[in-house]
Protein chains: 2
Amino acid sequence: MTTINDIAKMANVSRTTVSRALNNNGYVSEDVRKRIMKIVEDTGYMPSVSAQSLRTKRSGVIGIILPKISTETSSRVVKGINEVVSKEGFQILLTDTELDKRKEVEYIRLLQSRQVDGIILLATNVNEGLLNVIKDVKVPFISLGQELPNVTSVVYDDYHAACDMTNLFIQRGHDKIAFIGVGEEDPAVGQTRKQAYMDTLKKNGLQVKDEWIHEGGDFSIESGYESMKQILKKSEGNPPTATFVVTDRMAIGAMEYLKEQGYRIPDDMAISGIGAAVMSAYITPSLTTIDYNNKEAGRLTAQLMLDKLNNKKVSEKSTLSYRLISRDSV
Amino acid sequence: MTTINDIAKMANVSRTTVSRALNNNGYVSEDVRKRIMKIVEDTGYMPSVSAQSLRTKRSGVIGIILPKISTETSSRVVKGINEVVSKEGFQILLTDTELDKRKEVEYIRLLQSRQVDGIILLATNVNEGLLNVIKDVKVPFISLGQELPNVTSVVYDDYHAACDMTNLFIQRGHDKIAFIGVGEEDPAVGQTRKQAYMDTLKKNGLQVKDEWIHEGGDFSIESGYESMKQILKKSEGNPPTATFVVTDRMAIGAMEYLKEQGYRIPDDMAISGIGAAVMSAYITPSLTTIDYNNKEAGRLTAQLMLDKLNNKKVSEKSTLSYRLISRDSV
DNA sequence: CTGAAAGCGCTTACAG
DNA sequence: CTGAAAGCGCTTACAG
């Protein structure tokens, strides 16, 4: 492999000078610079990142911890982040917890040993252990999607989004509105969205019935299917006429069950999701949902990360806007 | 930061011994080993990967070059790869070309400068420049999804899959079968699948009409929509009764156009895709497609990579099997 | 404008 | 069983 020493010899200068020419830092005569650059070009020389990183304590890598690598949300966020950081010469190192809490902690450690310059976490749950580990992280750290205490957080406006969606049902004349959620370990999705739903019902003098509320076991389509089934079973005799589901995938599962049972959507049951999955536009009927603009969230998070890396002050909490997409399912 | 020297001091041994204890290589008395491990535990020490990598020329990282990070195919493949390599302590470094040919070359270089131990490329196009750069790669290299000359390749059985799909239409009584493809720069998708379609038609004595063939500009839903529109326009008076689309997303776009125009699927037009996108199962009517089992492809590729890293011989070409999923659109 | 020297944190022959 | 020393490929004060 070509090293900086090889280049130095070929150019008849010291490696110090080569380094300066390469990094545009310190004086190098135009003559020498050209000679060096020509050789670099010809040989296709690329500095060893390990050596640079060992020496400078900077790796040019941002670590990202994803709950699941193969979801649209993750993909969009990563894309947004990449768009911003790649322009500044940063690489991204992706890790996937597969929704395993222990892996979150493990990866935070691992990423640090890999000398990443910063860490972005897309958490799906919040617990004491996680918070403790984060406290000891020595590089810039940002949470995306969940608000963590004393951690720079970029969050979606889950509360108002869910209020708006619930209100949409009410405006359309529904007063029996069911809810399909997820567990409370996920504050953003499991708690905030549910709270907004309940608050909005109460504010409108509507009853919140336990039979109309169900939490899916996970975020899967199947889980939505199963939840809808449970709600219909529990509420026999007094079924809801609308169901607010906290994610598109689960909503699609719920629709699937309704279709199987011969329900017409939205006539017999109106339904909505959150997330603006591509699928939501192509399913029949098309799904009313909320677009969180994940890519923009990724961009913003990346920008905050760059700011932190440049020792700029950044606000501890950024809340993103959203867009309600009204389609045929409501 | 804690370094190996700190640990050595705390344990009253040399860093040589600490290194040996950590890597389980060479003799260390049980006594000393325990003492060291305890301290490592307590301090949460993790060796600097940069230093290790600089010293050993191994980084424990496999670089992956993706055409697009936010597609189901990519996600599944990555998942499969990750599953296998993470067990052996390897990390994955993901790069995204965003379908830009120059970036493929750029990333191959970049990954090498990052001292990755191996590179996996999911190519969408093959050209001389790319081949030349690959020739000079000094680490194990595998191509997934495209067969590259003199490069270890893991490929899908595009030819037979496309034959099977075309035959399915024929079995259902269609003799006017259209084709929506992509450009020829992508040999697997743009050439092989098309060739299989044409061969199958000919073998069955059916005519291959230019008006029934259209190439989309990219892999998008919109591109499928537009292609269907073009075919219907060009073939007015003698329209096809079935359309074989080379990807699910494009097929969904094509369906969208057909629905808008009042076509009943499959009665007025049968349609099929390839890829087994999640969406394909939930769209109405559900889409007949081919499951390439991308995750398994990822796993196999990863295994081959590990074999290469262990200097085992691996076969230059592996062809994966597939599964035709017959649903309601045909 | 340029170079010699130190040092980043490791691993690995080599010697004992 | 253990340690001193060299060296991986860089960058950065320091000196000239």
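This is a predicted model, so every value here is computed, not measured.

Reading guide: rules and limits
- Residues numbered from 1 in each chain as written.
- Chains lettered and ligands numbered in written order.
- Predicted model: local features only at pLDDT ≥ 70, side-chain atom pairs only at ≥ 80, totals over all residues.
- Heavy atoms only, no water.
- Buried < 20%, exposed > 50% of the residue type's maximum accessible area, 1.4 Å probe, protein only.
- Helix = DSSP H or I, 4+ residues; strand = E, 2+ residues; numbered from the N terminus.
- Pairing = 2+ DSSP bridges.
- Right-handed = clockwise from strand over helix to strand, strands pointing away.
- 1 Å grid on protein atoms, 1.4 Å probe; cavity = no way out; pocket = protein on both sides within 12 Å on 5 of 7 lines; lining within 4 Å.
- Points joined across faces, edges and corners; volume = space filled by probe spheres on them.
- Nonpolar A, V, L, I, M, F, W, Y, C, P; charged D, E, K, R; others polar.
- Phe/Tyr/Trp six-rings, centres within 6.5 Å; stacked < 30°, edge-to-face > 60°.
- Near = heavy atom within 4 Å.
- Polar contact = N/O pair within 3.5 Å; in protein donor to acceptor, adjacent residues only side chain to side chain.
- Salt bridge = Lys/Arg side-chain N within 4 Å of Asp/Glu carboxyl O.
- Least-squares fit on C-alpha atoms with pLDDT ≥ 70 in both.
- Contact = heavy atoms within 4.5 Å.

Q: Outline the pairing of strand β4 (residues 141–144) of chain A, listing residues and values.
A: Residues and elements named next belong to chain A. Neither face of β4 is left uncovered, since the one carrying Phe141 and Ser143 and the one carrying Ile142 and Leu144 both have all their residues buried. As defined by bridge partners, strand β3 (residues 118–121) adjoins β4 across three bridges and the pair is classed as parallel. Paired with Leu121 across the two strands is Ser143, which belongs to β4. Remark: the β3/helix α7 (residues 128–135)/β4 crossover connection has right-handed handedness.

Q: Describe empty space enclosed by the protein, with residues and values.
A: Under the definition given, this model contains four cavities of 30 Å³ or more. Reported here for the largest cavity is a volume of approximately 270 Å³. The wall of the largest cavity is formed by 16 residues, among which Val61(A), Arg114(A), Val49(B), Val61(B) and Arg114(B) lie closest to the centre. When residues of the lining of the largest cavity are traced back to their parent elements, those giving at least two are α4 (49–56) of chain A together with α4 (49–56) of chain B. In this structure, the second largest cavity occupies an estimated 80 Å³ of space. Lining the second largest cavity are Ile69(A), Leu94(A), Thr95(A), Asp96(A), Tyr107(A), Val78(B), Asn82(B), Ser86(B), Gln91(B), Ile92(B) and Leu94(B). Among the secondary structure elements, those contributing two or more residues to the lining of the second largest cavity are β2 (91–96) of chain A together with α5 (72–87) and β2 (91–96) of chain B. Looking at the lining of the second largest cavity residue by residue, the class counts come to six nonpolar, four polar and one charged.

Q: Can you break down the environment of Val40(A) residue by residue, with the values?
A: Mapped onto the elements of the fold, Val40(A) is located in helix α3 (residues 30–43). For the pair Val40(A) and Met10(A), spaced 30 residues apart in the sequence, the C-alpha separation amounts to 9.8 Å.

Q: Lay out the packing of aromatic side chains with the relevant residues and their values.
A: A complete count under the given rule lists eight aromatic pairs over all chains for this structure. Ring centres of Phe179(A) and Tyr197(A) lie 4.7 Å apart, and the angle between their planes is 25°; this geometry places the pair in the stacked category. Here the residue Phe179(A) occupies a position in strand β6 (residues 177–181), and Tyr197(A) occupies one in helix α9 (residues 187–203), the gap between them amounting to 18 residues. Since its relative accessible area comes to 1%, Phe179(A) is described here as buried. When the centroid spacing of 4.7 Å and the interplanar angle of 5° are considered together, the rings of Tyr156(B) and Tyr292(B) count as stacked. Taken as a pair, Tyr156(B) in strand β5 (residues 152–156) and Tyr292(B) in the loop between β10 (289–291) and α13 (294–309) lie far apart in primary sequence, 136 residues in all.

Q: Would you mind going over the protein's contact with DNA strand D in detail, with residue names and values included?
A: Contacts to DNA strand D come from 28 residues, most closely from Ile4(A), Ser19(A), Tyr45(A), Arg55(A) and Thr17(B). Sugar plus phosphate: this is where 55% of the atoms of DNA strand D within 4 Å of the protein reside. Taking Arg55(B), its side chain carries an N or O atom lying 3.1 Å from a base nitrogen of DNA strand D. Those elements that provide at least two residues to the surface near DNA strand D are α2 (15–23) and α4 of chain A together with α2 (15–23) and α4 of chain B. Per-element tally for the surface near DNA strand D: the top contributor is α4(A), with five residues.

Q: Kindly report on the pattern of salt bridges, identifying the contributing residues and their values.
A: Residue and element names in this part refer to chain A. In this structure the tally under the stated criterion is 30 salt bridges over all chains. Put simply, Asp158 and Arg193 hold a salt bridge, and the shortest N to O gap is 2.6 Å. In this pair, Asp158 is assigned in helix α8 (residues 158–171) and Arg193 in helix α9, connecting sequence segments 35 residues apart. Note that Asp307 and Lys312 form a salt bridge whose closest N and O atoms lie 3.7 Å from each other. Several salt bridges share partner residues, and in doing so they unite Glu83, Lys295, Glu296 and Arg299 into one network.

Q: Explain the relation of the copies chain A and chain B to me, using residue names and the numbers behind them.
A: Mapping chain A onto chain B calls for a screw motion: a turn of 180° about the axis and a shift of 0.2 Å along it, with 0.2 Å RMSD after fitting. The two molecules are tied by a two-fold rotation axis, judged by turn and shift. The fraction of interface residues of chain A whose copies in chain B are also interface residues reaches 100%, indicating that both copies meet through the same surface.

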